[in-house]
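Here is what each chain is made of, one letter per residue.
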Amino acid sequence: MLTRLDPVCLADWGAQRTAEHCLLAGAPVSVQVVEGTNALGPVGVPVAKGADALLAARLAAGDDHALAEIFDRLAPAVYAAALRVLGQGTAAQDVVQDVFVELWRHPGRYDPSAGTLRTFLLMLARHRAVDLVRSELRRIARQERQHRLTPWQQSPPVDEEVAAAEAASAVRAAVRLLPDGQRRVVELAYFEGLTCREVAQAAGIPEGTAKSRLRLALAKLEAVLDRQLLESS
Amino acid sequence: MTADERDPVVLPPGLRDRVLAASRQARAAGHYVPEVAEVSPAEAFGRSADALHGLLCALREEDWREPVLRDLDVQGLVGHLIGVEYDMHRCLSGDRAVADADHVESTQPVAVRQAGRLPAQTRAEWHHSTRRTLALVSACDPDATFAVHGMRLPLGALLVARAFELWTHDNDIRIATGLPLSAPDAPTLRRMTDLAAALLPYGATRTGLRDPLSVRLVLTGPGGGTWDVAVGAGPAGPTSAGSPDPAAAGSPESACVRIVTDAVAFCRLVANRLGPDQLDLHITGDQDQAAGVLAAACALALD
């Protein structure tokens, strides 16, 4: 509710008003127009240049209908981008929600002069999906370690398991693309939860080599995931 | 094939509702972001007065002789404003004689009296009168209703209307003296746009809009916002700008019109300093009905 005024008093005022009183200003003045431009200067400044800029201006002004319009137009593309990274399921839907909530809360982060709204939202979706995969990767590794250290552990909620499985499948696919030596250290470190020293012992390589292979592998994994996302856009 | 047609993905059922609900939960509809600091109506009035005082201090001697409004030059217009403040003083002191006084007639003697005075004297008298207004306001019940010049408004609304008036005449003087126009600061502008949206149904009553119409008014830029206003069915005032779905913005009985324009330009329209054809307007819905709404906005400023 945006009204700040007492409706009773306003109603009284409305009933009392006659045609000859000034409410918000004095008498009208003539406006000079010079060579097609308005002499009032700032008046001629458009609300926005282009459809996306207009939508952004409406978002900033709190017009939630603009958000609904953008959703109807671009949510399928955003969802598709998330699906390409995360696979089917709730994780991709969460990305869609995060992207649109972010746009609604901070519409000023979209700069119409830098590109289209579609490009901006797909970029947001890609980043969010990658973040999700990375966090799931870390979570899986933690969970694996926990399983090794704890004799019994309560199962996580089903939806978390599903989301984790989706993210994990994307990561595992990326891991399979690594060279044998690097893939082995990643599997030992993250999927079997070994420390660097244990990885080195299990793989039969020096600890320094294990560390460098892990660093290289992680860098490649990020590059692969990013490339997948770029291709999906 | 457009870019969007490359994505034939079917969204899961319920996702749209879930996302829009989560968005509205994260940020209420209607309010501009980045958020604008709220100022009191008295502060808004004080800021407009300060801005006008700054302008008057910057004028050259010959600027005061420039014709501005009706038969008034700049000095006469400032005299008119002194007269308005004097009537405000009487109003705030409980004098009912000014309740229905004519805005121009009542102030004309003070305006005429400025002829032959030094501009500095006129400026000082006006400035002192605004300080006196604020002093009286501070002693008033903020929830009380006051009547002056045919307006009967809650104190806060009255002060915002006065801020609106000072800003409008500030720009009248700027036009007359060849200076660039000014815009209110965002918090003051937000007060003005809020008032203008709230009064839109009364403008519609004045211009004779009969058919019920749901208006979504979107004013862009700092100090703007979004309002849903019902016009044409009596003065119902604006309502929440957060209806759950665009299709639900209007009732089945009323048509829907959306008007998007710049907040400052809309205030100039409401002050009757601009015509609708001079605004950058983005209208959705029936164009004639939208024109009727804009005419209603213009009708809020009469002399």
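Procedures and definitions
- Residues numbered from 1 in each chain as written.
- Chains lettered and ligands numbered in written order.
- Predicted model: local features only at pLDDT ≥ 70, side-chain atom pairs only at ≥ 80, totals over all residues.
- Helix = DSSP H or I, 4+ residues; strand = E, 2+ residues; numbered from the N terminus.
- Buried ≥ 20, exposed ≤ 12 C-beta atoms within 10 Å, placed from the backbone.
- Contact = placed C-beta atoms within 7 Å.
- Axes fitted to C-alpha atoms, helices over the stretch in contact; angles between N-to-C directions.
- Parallel < 35°, antiparallel > 145°, perpendicular 65-115°, else oblique.
- Nonpolar A, V, L, I, M, F, W, Y, C, P; charged D, E, K, R; others polar.
- Domains from an automatic or database assignment.
- Expected span 1.5 Å × (residues − 1).
- Pairing = 2+ DSSP bridges.

Colleague: Help me understand the overall build of chain B, please; the structure alone is not making it clear to me.
Modeller: A tally of regular secondary structure across chain B gives 9 helices and 9 strands. When burial is assessed residue by residue, chain B has 51% of its 303 residues classed as buried. If you take every contact in chain B between residues at least 6 apart in sequence, the share linking residues at least 24 apart comes to 72%.

Colleague: Explain the packing of helix α2 (residues 41-58) of chain B against helix α5 (residues 119-138) of chain B to me, please; I cannot follow it from the model alone.
Modeller: Between two packed helices, the angle of one axis relative to the other and the distance separating the axes together describe the packing. Residue and element names in this part refer to chain B. Contact geometry for α2 and α5: axes closest at 11 Å, N-to-C directions at 170 degrees. Looking at the two axes, α2 sits roughly antiparallel to α5. Touching Ala42, Gly46, Ala49, His53 and Leu56 of α2 are Arg123, His127, Thr130, Leu134 and Val137, all from α5. Looking at the contact of α2 with α5 residue by residue, the class counts come to 5 nonpolar, 4 polar and 1 charged.

Colleague: Can you help me understand the domain arrangement of chain B in this one?
Modeller: How big an interface is tends to be expressed through the accessible area that disappears when the partners come together. Residue and element names in this part refer to chain B. Splitting chain B by domain gives domain 1 (41-182) and domain 2 (187-298). The gap between the C-alpha centroids of domain 1 and domain 2 is 27 Å. On the domain 2 side, the residues contacting the 11 residues of domain 1 number 6 residues. At 7 residues, the largest contribution of residues to the side of domain 1 that touches domain 2 is made by helix α6 (residues 155-176). Here the side of domain 1 that touches domain 2 is composed, by residue class, of 7 nonpolar, 3 polar and 1 charged.

Colleague: What exactly am I supposed to notice about helix α7 (residues 180-191) of chain A here?
Modeller: An α-helix turns once every 3.6 residues. As a result, residues three or four positions apart point the same way. The end-to-end C-alpha distance of α7(A), which contains 12 residues, comes to 15 Å, matching closely the 16 Å that a straight helix rising 1.5 Å per residue would cover. Among the residues of α7(A), Gln182(A), Val185(A), Val186(A), Leu188(A), Ala189(A) and Tyr190(A) are the ones counted as buried.

Colleague: Mind showing me how you'd approach helix α2 (residues 51-60) of chain A here?
Modeller: Taken across its 10 residues, α2(A) has 7 buried, putting it largely inside the fold. Looking at the residues trailing α2(A), positive phi occurs at Gly62(A), about 85 degrees.

Colleague: Looking at this model, I keep getting lost on the pairing of strand β3 (residues 145-148) of chain B. Mind explaining?
Modeller: The side chains of a regular strand alternate between both faces of the sheet. Residue and element names in this part refer to chain B. Judged by which residues are buried, β3 turns out to be one-sided: Phe146 and Val148 face inward and are buried, whereas Thr145 and Ala147, on the alternate face, are not. Sheet topology note: the β3/strand β4 (residues 151-154) ladder contains 4 bridges and is antiparallel. The residue bridging Phe146 from the neighbouring strand is Leu153, located in β4. In this structure, the hairpin formed by β3 and β4 is closed by a connection of 2 residues, where His149 is found at a positive phi of approximately 55 degrees.

Colleague: Explain the pairing of strand β5 (residues 213-220) of chain B here, please?
Modeller: Residue and element names in this part refer to chain B. Here β5 lies mainly inside the structure; 8 of its 8 residues are buried. Pairing geometry for β5 and strand β6 (residues 225-231), over 7 bridges, is antiparallel. Opposite Leu217, over in β6, you have Trp227 as the bridge partner. The turn joining β5 and β6, which pair antiparallel and follow one another in sequence, is formed by 4 residues; a positive phi near 95 degrees is taken by Gly221.

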